[in-house]
Amino acid sequence: MTQSPISSPSPDYLDRLNPEQREAIETTEGPLLILAGAGTGKTRVLTTRFAHILLNGRARPWQILAVTFTNKAAREMRERVAALLGETIDGLWLGTFHALCARMLRRHAEYVGLTTGFTILDTDDQLRLVRQIMEPYRIDTKRWPPQGLLGVFQRWKDRGLTPAQVTPAEDTDFAAGHARALYAAYQERLRAVNACDFGDLMLHMLEILRTQPDVLAQYHRLFRYILVDEYQDTNTIQYLWLRLLAKRPEGAPNIACVGDDDQSIYSWRGAEVENILRFEKDFPGARVVRLERNYRSTAQILRAASGLIAHNADRLGKTLRPGSDDARGEKVQVISVWDSDEEARIAAGAIERLRAEGHPLSQIAILMRAGFQTRPFEERFLTLGLPYRVVGGLRFYERAEIRDAMAYMRVLVQPADDLAFERIVNVPKRGIGAAGLQKLHHTARGIGAPLAAGVLHALETGALKGKQREALATLMDAFERARALREREGHVVAMEMLLEESGYLQMWRDDRSPEAPGRLDNIKELLRAIGDFGTLEGFLEHVALVTETEDQASSDTVSLMTLHGAKGLEFDTVFLPGWEEGVFPSQRSLDEGGLKSLEEERRLAYVGITRARRRAVILHAARRRIYANWQDSIPSRFIAEIPDDAIEQSGQALQERIQLTARNSVFANGPIRGTTRPFRKLTDVREEIAAPLPVGTRVFHQKFGYGTVLEVEGDRLHINFEKAGEKRIMAHFVEQVS
DNA sequence: TGAGAACGTTTTTTT
DNA sequence: AACGTTCTCA
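Residues numbered from 1 in each chain as written. Chains lettered and ligands numbered in written order. Predicted model: local features only at pLDDT ≥ 70, side-chain atom pairs only at ≥ 80, totals over all residues. Heavy atoms only, no water.

Colleague: Looking at this model, I keep getting lost on the packing of aromatic side chains. Mind explaining?
Modeller: Each aromatic ring pair is specified by the distance between its two centres and by the angle formed by the two planes. Taken as a whole and assessed by the stated rule, the structure comprises 19 aromatic pairs. Taken together, a centroid distance of 6.2 Å and an interplanar angle of 85° make the contact between Trp93 and Tyr219 edge-to-face. Taken together, the residues Trp93 in strand β3 (residues 93-96) and Tyr219 in helix α9 (residues 213-222) connect sequence positions 126 residues apart. Judged by relative accessible area, which is 3%, Trp93 ranks as buried. Plain terms: the ring middles of Tyr408 and Tyr504 are 5.6 Å apart, the flat faces sit at 55° to each other, and that makes the pair tilted. Taken together, the positions of Tyr408 in helix α16 (residues 400-413) and Tyr504 in helix α22 (residues 504-510) put the pair 96 residues apart, joining distant regions of the chain. Both residues of the pair, Tyr408 and Tyr504, belong to the buried class. (Phe/Tyr/Trp six-rings, centres within 6.5 Å; stacked < 30°, edge-to-face > 60°. Helix = DSSP H or I, 4+ residues; strand = E, 2+ residues; numbered from the N terminus. Buried < 20%, exposed > 50% of the residue type's maximum accessible area, 1.4 Å probe, protein only.)

If you want it as structure tokens, here you go:
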């Protein structure tokens with residue numbers, strides 16, 4: 001029990017908050033920027049603020065718009081608000097940008113030429129669509145892969161640009177300036193099949209808010225308060241969307257954004273740190289509250305992290321201070337190892353010791369730069385029998401059999417879903433290849449109907465013959481009956497029957513490959529999962545928006561995940577492997593992003609260290625296998641940037657090399673050339689750097705013939721071949737000719 | 001049309 | 001090395 005001040009007794013939920021936190025919660029009116037360093041109680045502030053507004057009667061639950069970045073964060077917030085209020089509340093506008101936009105767009109779909117039942121496409125569908133769009137343009141898909149084009153669209157969408165808003169000047173990256181036209185065609189096609197891709201959820205909603213004043217006014221009336229989490233990771237379109245909703249005609253907006261410029265790690269997804277840096281300009285009169293007291297990590301860990309991030313320029317400036325004076329804790333360990341196998345061995349060994357001392361495995365995480373780095377750890381853990389889980393690895397809903405089954409589901413729900421129909425029309429094999437599909441498309445277009453209707457038409461008119469006719473008749477009949485069954489017996493039974501009668505389940509039963517039984521299990525699991533939802537539509541919506549795997553957080557396992565995936569989490573002990581130049585910071589960031597992307601890598605390192613409550617262990621290996629061959633590596637510059645007295649170095653391998661970081665070595669100005677031979681000395685690497693194929697060199701390639709080097713990108717060369725045009729080639733595939 | 005061979009690329013990070 | 005895509009032939 002706390003003693004209440006005489007003047008204003010403060011409610012329980014404001015107990016044990018520090019003054020800054022209280023200010024962030026109690027400043028309900030007007031724009032507010034909360035700069036919250038790692039581990040400073042950000043989530044607590046956000047949820048308490050939410051509850052505070054409700055408990056003071058300032059708004060009804062549905063009048064608060066609360067935006068998070070991940071579904072996980074949304075769920076956590078929902079739970080904690082419920083705990084504070086002592087009850088669960090439905091109908092909250094709390095979710096990710098995309099989930100909230102999807103909900104809005106279902107209400108207003110007609111303004112952008114969709115109907116409320118529109119489909120949200122997955123990446124497979126998007127790619128198939130892009131390929132179709134590209135076809136008539138006769139674009140060399142070798143040079144201009146569909147994924148690349150999709151990326152261009154994505155970036156435009158991230159910036160809130162509709163096809164009409166893209167200027168010719170913006171359209172230079174791809175296929176000689178055809179991207180704009182392709183973008184328009186792509187959007188047109190999406191509309192025609194009543195579908196949205198992920199970016200459209202935001203793009204369409206922004207368009208509606210911009211062009212429909214009464215819709216905008218409706219939301220202005222509705223949302224009295226806006227809360228935004230992870231503001232540093234908002235991209236342009238999210239920013240525009242927020243600003244539109246926040247700037248009501250009456251008075252200053254009650255918008256509170258929480259963020260940390262030091263944890264901005266999503267610029268590759270279009271995030272603009274500038275959004276947070278500019279907040280006070282965007283919302284004049286904004287209060288700024290800094291949360292700097294860290295209650296998570298030991299003083300040593302904070303010192304290491306702060307020292308590292310201090311190497312970044314352009315910061316709003318925050319200093320993490322330990323929440324309590326005691327417990328300086330262990331220094332950050334830096335261990336030098338020989339290769340990635342030893343790295344895994346050492347980490348696993350340390351984990352076994354911790355386990356023997358009674359540390360729960362659930363409080364241990366291994367955080368890496370990229371997903372593929374989990375391999376050696378998984379192997380090691382398997383041989384030792386250490387329980388682990390890969391968080392955010394291959395996701396359930398990305399498996400082929402699940403996507404197939406869901407495509408069946410989509411056609412069931414919406415017969416006009418051409419993309420889903422295309423996916424399953426020949427799975428299992430029904431004798432419909434590329435040519436057959438073309439014919440079906442033609443028939444459908446002829447009667448101005450979707451594919452499925454086209455098939456029915458073709459069956460009636462007798463345009464289909466033999467095996468094709470029989471197989472498609474069976475398929476269409478299965479859909480027909482499944483729809484009827486859905487009415488009578490519910491969607492689970494209908495789906496079961498559909499997958500059975502269409503031959504899909506039998507296809508896997510007949511499959512003799514070792515994965516087949518697992519796939520059948522997965523489908524069983526899918527059928528179970530849809531039982532948790534009232535309707536198939538609800539289930540599809542959930543799957544489209546919630547990409548994460550159900551976490552079995554209850555089990556006591558070590559977590560393996562990417563640094564990006566670890567944001568917002570904390571563990572007692574954190575292992576940070578692969579701190580080597582070219583791995584972390586990644587080669588790509590060194591090659592193309594310049595200083596900006598190097599700083600982002602540094603923020604990622606900062607995020608990594610600050611995940612640890614008590615113990616952080618950084619590892620780096622002397623050599624690592626890249627693709628098929630070994631490559632020498634040197635310690636990450638980030639290791640040298642951590643204050644010496646905050647770290648403790650160990651490991652027999654290459655003790656002396658620790659000082660030799662990129663910052664003060666011969667490699668400072670360029671990437672390291674790949675090596676194919678193991679056990680290479682540094683001097684050898686130096687020689688290779690000294691003798692590359694410089695720009696202008698005439699070279700010969702086995703397949704492409706003669707050409708000239710246009711550009712050197714690490715161990716890749718950008719070459720203009722006389723016959724084959726411009727290509728990017730690994731340097732060792734070409735030889736110099738004089 | 002489909003199976004197998006040959007070829008090329010891959011490793012950022014996610015809603 | 002491992003995977004996915006395209007190519008080639010039956």
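Colleague: What is the right way to read unusual backbone geometry from this model?
Modeller: Of all residues except glycine, most have a negative phi; of all peptide bonds, most are trans. Note that the residue after Val427, namely Pro428, is joined by a cis bond; omega there is 0°. Looking at the element boundaries, Pro428 is found in the loop between α17 (418-424) and α18 (434-446). Going from Phe584 to Pro585, the amide bond is cis rather than trans, its omega being 10°. In this fold, Pro585 is placed in the loop between β15 (571-576) and α26 (587-592).

Colleague: Is there a simple way to explain helix α27 (residues 594-609) in this structure?
Modeller: Along an α-helix, residues three or four apart share an orientation, since each turn contains 3.6 residues. Helix length check: α27, at 16 residues, gives a terminal C-alpha distance of 23 Å against a target of 22 Å (1.5 Å per residue), a fit within 8%. Counting buried residues along α27, 13 of its 16 residues qualify, which places the element largely inside the surrounding structure. (Expected span 1.5 Å × (residues − 1).)

Colleague: Help me out: how do you make sense of the UniProt feature "binding site: ATP" (unreviewed entry) in chain A in this one?
Modeller: UniProt records the feature "binding site: ATP" (unreviewed entry) for Ala36, Gly37, Ala38, Gly39, Thr40, Gly41, Lys42 and Thr43 in the present numbering. Excluding anything up to four places from it in sequence, Thr40 contacts Gln21, Leu291, Glu292, Arg293, Asn294 and Leu320. The topology assignment puts Gly41 in the loop between β1 (32-36) and α2 (42-55). Its relative accessible area of 24% is what places Gly41 among the partly exposed residues. (UniProt positions renumbered as here; feature names shortened; annotations may be inferred. Contact = heavy atoms within 4.5 Å.)

Colleague: Help me understand the packing of helix α4 (residues 97-108) against α9 in this model?
Modeller: Packed helices, taken two at a time, are described by their axes: the angle between them and the distance between them. Orientation of α4 relative to α9, taken along the N-to-C sense of each, is 135°, at an axis distance of 13 Å. If you check the angle between α4 and α9, you find them oblique. Where α4 crosses over α9, the handedness of that crossing is right-handed. Only Val215, Gln218 and Tyr219 of α9 make contact with α4, whose side of the interface consists of Met104, Arg107 and His108. (Axes fitted to C-alpha atoms, helices over the stretch in contact; angles between N-to-C directions. Parallel < 35°, antiparallel > 145°, perpendicular 65-115°, else oblique. Left-handed = near helix turned anticlockwise from the far one by under 90°.)

Colleague: Even after reading the chapter, I still don't get the pattern of salt bridges, so can you show me in this structure?
Modeller: Note on pairing: side chains with opposite charge can pair once their charged atoms come close. Applying the stated criterion across every chain, the model contains 47 salt bridges. For the salt bridge of Arg321 with Glu292, the shortest nitrogen-to-oxygen distance reads 3.4 Å. You can see Arg321 sitting in strand β10 (residues 321-322) and its partner Glu292 sitting in the loop between β8 (287-291) and β9 (293-294), a full 29 residues away along the chain. The partly exposed category is assigned to Arg321, whose relative accessible area is 38%. With a relative accessible area of 14%, Glu292 lands in the buried category. The shortest N-O distance in the salt bridge between Arg303 and Asp645 comes to 3.4 Å. Of the two residues, Arg303 is situated in helix α13 (residues 299-309) and Asp645 in the loop between α28 (637-641) and β18 (647-650); the sequence distance between them amounts to 342 residues. Several salt bridges share partner residues, and in doing so they unite Lys42, Asp229, Glu230, Asp233 and Lys567 into one network. (Salt bridge = Lys/Arg side-chain N within 4 Å of Asp/Glu carboxyl O.)

Colleague: What am I meant to see in the pairing of strand β16 (residues 612-626) here?
Modeller: Each regular strand displays side chains that alternate between the two surfaces of the sheet. With twelve of 15 residues buried, β16 is to be regarded as a mostly interior element. In this structure, strand β11 (residues 332-339) lies alongside β16, joined through six bridges in parallel fashion. Of the residues in β16, the one forming a bridge with Ser336 is His620. Where β15 meets β16, five bridges bridge the pair, whose relative direction is parallel. Across the sheet, the residue bridging to Val574 is Ala616, located in β16. (Pairing = 2+ DSSP bridges.)

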